[in-house]
Structures are given as C-alpha cells and as structure tokens.
Amino acid sequence: MAKESLQLMWLQSGGCGGCSLSLLCAENPDLYTALASHGIELLWHPALSVGPEDGFLALLQRIVRGEQRLDILCLEGAVMTGPNGTGAFHRLSGSGRPMMAVVKELAALAGQVVAVGSCAAYGGVTAGGGNHTQAVGLHYVGRKRGGLLGAAFRARQGLPVINVAGCPTHPNWVLECLAELADGSLTEAQLDPLGRPRAYTDTLVHHGCPRNEFYEYKASAEKLGQLGCLMEHLGCLGTQAHADCNLRLWNGEGSCLRGGYPCINCTAPGFQEPGHAFTATPKVAGIPVGLPTDMPKAWFVALASLSKAATPKRLRDNALAEHIVTPPATPVERP
Ligand code: SF4
Ligand code: SF4
C-alpha cells in the first residue's frame, strides 16, 4: 500500500519572512522537488499557497475537528504574547483570534513541531530592543526552556520542538530536518542542548572558513574588506558559533565570512543583542572576551602570542589587504 503523504503546515508569526525567502533558494533539489521526494505535502504556506478553495480558516477548522491530519507544523517568526500576555498584538487575519492561541492549538495536534529560524526558536530579532511585543520562541525564551508551549511540551510523536535556528536558516537545514522527520530517523539524541539538529550544529562556523590560515597565525584584519581573520578586531564569533555555514555553503558558494562579514552567531539564543556593535570585538587587557569554544583562556593567550611571533610575512601583508598582495612562494629550480 502506498505510504500516505505527510501533511505540513507552515505558519508565519513575528518575523521578517527571511527564512521563507531562504527556503526558496533551495537548489539541487528545489523546495517542491525536495518535499515531493520525501512524501511531504504542503498543506499551507501563507506566501506560497493559493488554496484551499474554502479558505485557510476552514482548513484550520478541519484540523481542529480531526478531519484533516497535521503531521508537521512549522512556525517561522516569534510568537508575540503582548500586551500583558493576551497575544492581542498579533491576531490571525479574518478570525480576530490571537495568533498565539492558534499556534498553541495546532502545536497540540501536530505530529511534529519545527521552529524555523531563531525568532521561532528563541525569540530572536523580534525579542530584541526591550521586547515590547513580549515575543517568545515556541519552546524557549532565550536560553531558557519554556516559551509559548511550556518546558514539558512534546509533540504528538514524542519529540520536543525542533529548533532549526539561524537568521535566516539555511534551506538545507530545514529540508534535511523535514526529510529526517519524514523517514522517522530524527531522534531526540540528534538534537543538541538547545534543541537544534546536530546535523548542522556539531560543526562550528570556523570550520572551513577561508580565513583559517590567518586565524592560525593571528594575522587579523583591522577593517571590513580586508582578508585577515575577523576575530581579533571585528567581532567574528565563528569559533563559538554552531553551524556548518562554511562547509555547507549558501547559494552554492557563499557564507557571511566569504562575503567579508564576521559571523554573529545567529543560530544561538540572544545573538541579536551582543551588547556591542556586531563588528567590534570586546576585549579585556587586549584579550578578546569571547574565546573559542573548548579552549581555556591561558592556552589561547599562549598560543596567540606564539603564533603572532611566527606569522609569515605573506600572511601579515595579506591580512591587511583587500586582495592578495603577497602570493605563496613557488619553489623553482635554477638552471
Ligand atoms: S529568524 Fe531571522 S530571517 Fe528568519 S524570520 Fe526571524 S528575523 Fe527573519
Ligand atoms: S574570520 Fe572567524 S570563522 Fe574565519 S577563521 Fe577567523 S575566527 Fe574563524
């Protein structure tokens, strides 16, 4: 008997829509081919769907009455619970109901719940700047479990909310997660301590960064646009940020670092408010405050001063240039 397709509903709440735009950049395969090949049917997406004929609210009612299965609920954007916990800042168009209540109702019925993007996961950008809308993530508020659904929440199939965090998310992080849900291979052990799929968070952004050689010798850029490592002066958090952005490139060839911008650790709760400019490295006594994950401070300081003393001229020159000014030496044999 043919397997029934999985019914996926994608809702948008307090976000910018960037995660949907990113999803549309999926290639090899594209979004629709990927969903079809994993047996997933897109029941509804606010920007991509034209149906159902009787309207979105009727579809919601069918789900609530049990006439329509809901296998996967994806939410993009934080849930705005203000003012005073009423959710009235954001009402579902045409119904007058707070979106907060709709999301809660659907999450209780869904087989799996996926928070797409750091807003839906932890509050993200929407929760920044004093959080006047009282934005929360589905299962977290910042680093604290709870969020809209409460710390004990489990979806019908038993998993907690899966936080495909990122701002935006890489299309393949989302599609890979959906594929694993479709074939039943995603277990709780494959989620990291912040509920993110380890398929992309067991790696650091630093891994595969083309500036690695500059990092090793602490040959640092001093201005954006220069080729050197961006950690010492320009705020790069790639050595602490969990994501595979420099191994699984964006649009086939890009990443923030490859575009010349420091990593801002957008897959982590609270990234939106580092307390300083994104392109500044806070230091105490000349030592960066945020040191690489897993590296004791004393080691870092010792290694940094050793490697600075040994920096090849080529790296020193190129670190402060916008294009390679000193190429690697090519040994030649003289006649
Ligand atoms: S996580 Fe970032 S890109 Fe995605 S909806 Fe929120 S603000 Fe937009
Ligand atoms: S720029 Fe950032 S990610 Fe790249 S090597 Fe330096 S610290 Fe690592």
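Residues numbered from 1 in each chain as written. Chains lettered and ligands numbered in written order. Predicted model: local features only at pLDDT ≥ 70, side-chain atom pairs only at ≥ 80, totals over all residues. Heavy atoms only, no water.

Colleague: I keep staring at the pairing of strand β5 (residues 112-116) and nothing clicks. Help me out?
Modeller: Every other side chain in a regular strand lies on the same face of the sheet, so the side chains alternate between the two faces. For β5, the buried fraction is high: five of the five residues fall into the buried class. Going residue by residue along β5, you find Gln-112, Val-114 and Val-116 tucked away on one face and Val-113 and Ala-115 tucked away on the opposite face as well. Inspection of the sheet shows strand β3 (residues 72-76) paired to β5 by five bridges, in the parallel sense. Paired with Ile-72 across the two strands is Gln-112, which belongs to β5. Where β5 meets strand β9 (residues 162-164), three bridges bridge the pair, whose relative direction is parallel. The residue of β9 that forms the bridge with Ala-115 is Asn-163. (Buried < 20%, exposed > 50% of the residue type's maximum accessible area, 1.4 Å probe, protein only. Helix = DSSP H or I, 4+ residues; strand = E, 2+ residues; numbered from the N terminus. Pairing = 2+ DSSP bridges.)

Colleague: Would you take a moment to explain the domain arrangement of the protein chain for this structure?
Modeller: Interfaces are often sized by the accessible area lost when the parts come together. On domain assignment, one finds that the protein chain holds domain 1 (6-200) and domain 2 (203-324). On the side of domain 2, 17 residues touch domain 1, which itself brings 27 residues to the contact. For the pair domain 1 and domain 2, the summed buried surface comes to about 1600 Å²; carbon and sulfur atoms form 55% of the total. On the domain 1 side of the interface with domain 2, the three residues burying the most area are His-170, Trp-173 and Tyr-200, jointly 30% of the side's total. (Domains from an automatic or database assignment. Contact = heavy atoms within 4.5 Å. Buried area = accessible area lost by both parts, 1.4 Å probe.)

Colleague: What exactly am I supposed to notice about the site of ligand 1 here?
Modeller: Around ligand 1, the surrounding shell consists of Gly-15, Cys-16, Gly-17, Gly-18, Cys-19, Glu-76, Gly-117, Ser-118, Cys-119, Gly-166, Cys-167 and Pro-168. Elements with a contribution of two residues or more to the shell around ligand 1: α1 (18-23) and α5 (118-122). Classifying every residue of the shell around ligand 1 by side-chain character gives five nonpolar, six polar and one charged. (Near = heavy atom within 4 Å. Nonpolar A, V, L, I, M, F, W, Y, C, P; charged D, E, K, R; others polar.)

Colleague: How should I be thinking about the site of ligand 2 in this particular structure?
Modeller: Residues in contact with ligand 2, as listed here, are His-206, Cys-209, Arg-211, Asn-212, Tyr-215, Cys-229, Leu-230, Met-231, Cys-236, Gly-238, Thr-239 and Leu-257. In the shell around ligand 2, the residues fall into seven nonpolar, four polar and one charged.

Colleague: Just to check I follow, could you spell out unusual backbone geometry for this structure?
Modeller: The phi torsion of most residues other than glycine is negative, and most of the peptide bonds are trans. Residue Pro-29 is bonded to the preceding Asn-28 through a cis peptide linkage, with omega at 5 degrees. Residue placement: Pro-29 occurs in the loop between α1 and α2 (31-37). Cis peptide bonds are those with omega within 30 degrees of zero, and the linkage from Gly-82 to Pro-83 qualifies with -5 degrees. Of note, Pro-83 is situated in the loop between β4 (79-80) and α4 (99-109). One non-glycine residue with positive phi stands out, namely Asn-28, at about 50 degrees. As for its position among the elements, Asn-28 is in the loop between α1 and α2.

Colleague: Just to check I follow, could you spell out the pattern of salt bridges for this structure?
Modeller: A side chain with one charge may pair with a side chain of the opposite charge, provided their charged atoms come close. Tallied over the full model, the rule gives 13 salt bridges. The salt bridge involving Arg-62 is made with Asp-54; its shortest N-O contact spans 2.6 Å. For Arg-97, the salt bridge is made with Glu-105, and the minimal N-O distance between the two is 3.0 Å. Of the residues examined, Arg-97 reaches a relative accessible area of 34% and is grouped as partly exposed. Salt bridges here are not isolated pairs; linked through shared partners, they connect Glu-4, Arg-69 and Asp-71. (Salt bridge = Lys/Arg side-chain N within 4 Å of Asp/Glu carboxyl O.)

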